[in-house]
Amino acid sequence: MKEIFHRVSVRKFEDRAVESDKVEQVLRAAMAAPSAGNQQPWDFYVVTSREKLHALAQVSPYAGCAANAPLAIVAAYRQDGCRFPQYAQIDLAIALQNLWLAVDSLGLGGVWLGVAPDEDRMEKVEKILPVAAGQRAFAIFPLGYPAEQKTQQDRFNAERIHYVK
C-alpha cells in the first residue's frame, strides 16, 4: 500500500542508468495487470536511444522530460484479435498503474505522459518508434533515478463518497 500513497510524478532524473533487472521487474508488474477477458493487448517498447528520447520529448507540450530520462517505456495496444477491443485502452491504463507502482517500489521515479486518445500524438509516436502494424501508441513513461524529491498530495475527499443502501 505504501507505493499508492508515495508515488509522485518525477520529471527530473539523475544521469544514471537503470539496471536491466529493474526494467524487467517493472515490465513484469505491468503485464501482471488484469485485462478484459484476459486479452492482454499490450506491447512495451523500452527506449534508451538519446535520439529517440529527444524525439519522444517533442510529441506533446508536456513530454519534454523524456529528453533527459535514462529510458522511457512506451506502451502500445492492439485491438485485432481481442475479445473486447473496446477495453484495450482501459487495460493499458491498469498496466501502466502497475508499472508506476513498481517503479516507485524500486526507488525509481517516472511520469505518465498521455498519448492516447490524442490521434496526433499517437501518430507522432508511431512515426518515431517501430510500433508493429495493428498496434497503437498509448503512453510514454520516462523513468530513472529521481533527481527531485516530492511529497504526494492528499487527494482524499469524503464529499466524493456516496453510500447507496
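Residues numbered from 1 in each chain as written. Predicted model: local features only at pLDDT ≥ 70, side-chain atom pairs only at ≥ 80, totals over all residues. Heavy atoms only, no water.

Below, the discussion takes up the environment of Lys2. Take Lys2: it is sitting in helix α1 (residues 2–6). Spatially, the C-alpha atoms of Lys2 and Lys124 are 36 Å apart, while their sequence positions differ by 122 residues. (Helix = DSSP H or I, 4+ residues; strand = E, 2+ residues; numbered from the N terminus.)

Before going further, it helps to examine the nonpolar core. Among the nonpolar cores identified, the biggest contains 52 residues, and Phe44, Val125 and Ile140 are the most heavily contacted of them. Elements that contribute at least two residues to this core include exactly α2 (20–31), β1 (42–47), α3 (50–56), β2 (71–78), α4 (88–105), α5 (119–128) and β5 (135–144). With eight residues, the single largest contributor to this core is α4. For Val125, the residues in contact, after removing those within four places along its chain, are Leu56, Val59, Val74, Val115, Ala137 and Ile140. (Core = buried A, V, L, I, M, F, W, Y, C linked by side-chain atoms within 4.5 Å. Buried < 20%, exposed > 50% of the residue type's maximum accessible area, 1.4 Å probe, protein only. Contact = heavy atoms within 4.5 Å.)

Moving on, we get to the side chain of Gln39. Within the secondary structure, Gln39 is located in the loop between α2 and β1. The exposure class of Gln39 is buried, given its relative accessible area of 8%. Not counting the four nearest positions on each side in its chain, Gln39 is found in contact with Arg78, Cys82, Arg83, Phe84, Pro85, Tyr87, Ala88 and Asp91.

Let's shift gears to the packing of α2 against α4. Contact geometry for α2 and α4: axes closest at 7 Å, N-to-C directions at 145°. Along this stretch, α2 crosses α4, giving a crossing that reads as right-handed. On α4, the residues that touch Val26, Leu27, Ala29 and Ala30 of α2 are Ala95, Asn98, Leu99, Ala102 and Val103. In terms of residue class, the contact of α2 with α4 is made up of eight nonpolar, one polar and no charged. (Axes fitted to C-alpha atoms, helices over the stretch in contact; angles between N-to-C directions. Left-handed = near helix turned anticlockwise from the far one by under 90°. Nonpolar A, V, L, I, M, F, W, Y, C, P; charged D, E, K, R; others polar.)

Compared with the 16 Å implied by 1.5 Å per residue over twelve residues, the 16 Å span of α2 between its first and last C-alpha is a close match. Looking only at α2, the buried set comprises Lys22, Val23, Val26, Leu27, Ala29 and Ala30. For α2, the angular spread of buried residues about the axis comes to 155°, placing them on one side. Exposed residues on α2 whose side chains face more than 90 degrees from its buried face are Ser20 and Arg28. Where the residues of α2 are buried, they touch β1, β2 and α4. (Expected span 1.5 Å × (residues − 1). Arc of directions from axis to C-beta.)

What is shown is where atoms sit, not what they do.
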